[in-house]
Amino acid sequence: MALDGNKTGSAVYNLIKATKVSDEASCEKLWQKIVTKIFDDIKSDAEITIPSGQVVIAVVGQATGTKNPSPIQSEIE
C-alpha cells in the first residue's frame, strides 16, 4: 500500500478532535499520539521497490552473475 496523506491526516484530525487538552502534560501526550500515528502509518504503508535487474541473485565464478528478474520489495520496521 502506498502512503496516503488523506488517511493519515484524517486519523490525526480525529485524535485532535477526540482529545481534550487542558494542560502541558495532556498537550504533550496528544503530540506523542499524533507522531506515533504518523510513524505507524509510514511503517505500515511505505513500500520500497528495487527495480528488476539491479541485484545479483546468482554468481558463477568470480565476475559473472545473474541479475534478479523481478523487483524486490521490503517493509520498513
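Residues numbered from 1 in each chain as written. Predicted model: local features only at pLDDT ≥ 70, side-chain atom pairs only at ≥ 80, totals over all residues. Heavy atoms only, no water.

### Topic: the overall build of the protein
(1) Moving on: What the protein contains, in helices and strands, is two helices and four strands.
(2) Moving on: For the protein, the sequential pattern of α-helices and β-strands runs α-α-β-β-β-β.
(3) Moving on: Scaling as 2.2 N^0.38, a compact globule of 77 residues should have a C-alpha radius of gyration of about 11 Å, whereas the protein reaches 21 Å, well beyond that.
(4) Moving on: By its C-alpha atoms, the protein is 70 × 25 × 10 Å across when sized along the principal axes. (Helix = DSSP H or I, 4+ residues; strand = E, 2+ residues; numbered from the N terminus. Rg over C-alpha atoms; globule rule 2.2 N^0.38 Å.)

### So, the pattern of salt bridges
(1) Moving on: Tallying each qualifying case throughout the model produces two salt bridges.
(2) Moving on: Among the salt bridges present, the one from Lys7 reaches Asp45, with a minimum N-O distance of 2.4 Å. Taken as a pair, Lys7 in helix H1 (residues 5–18) and Asp45 in helix H2 (residues 24–45) lie far apart in primary sequence, 38 residues in all.
(3) Moving on: Taking the relative accessible area as the measure of exposure, Lys7 reaches 32% and is therefore partly exposed.
(4) Moving on: Classification of Asp45 by relative accessible area gives buried; the value is 4%.
(5) Moving on: In this structure, the salt-bridge partner of Lys37 is Asp41, at a minimum N-O distance of 3.0 Å. (Salt bridge = Lys/Arg side-chain N within 4 Å of Asp/Glu carboxyl O. Buried < 20%, exposed > 50% of the residue type's maximum accessible area, 1.4 Å probe, protein only.)

### Examining H1
Along an α-helix, residues three or four apart share an orientation, since each turn contains 3.6 residues.
(1) Moving on: A rise of 1.5 Å per residue sets the reference length of H1, with its 14 residues, at 20 Å; its end C-alpha atoms lie 20 Å apart and thus fit the reference within 8%.
(2) Moving on: Its side-chain oxygen at 3.0 Å from the backbone nitrogen of Asn6, Asp4 defines the N-terminal cap of H1. (Expected span 1.5 Å × (residues − 1). Polar contact = N/O pair within 3.5 Å; in protein donor to acceptor, adjacent residues only side chain to side chain.)

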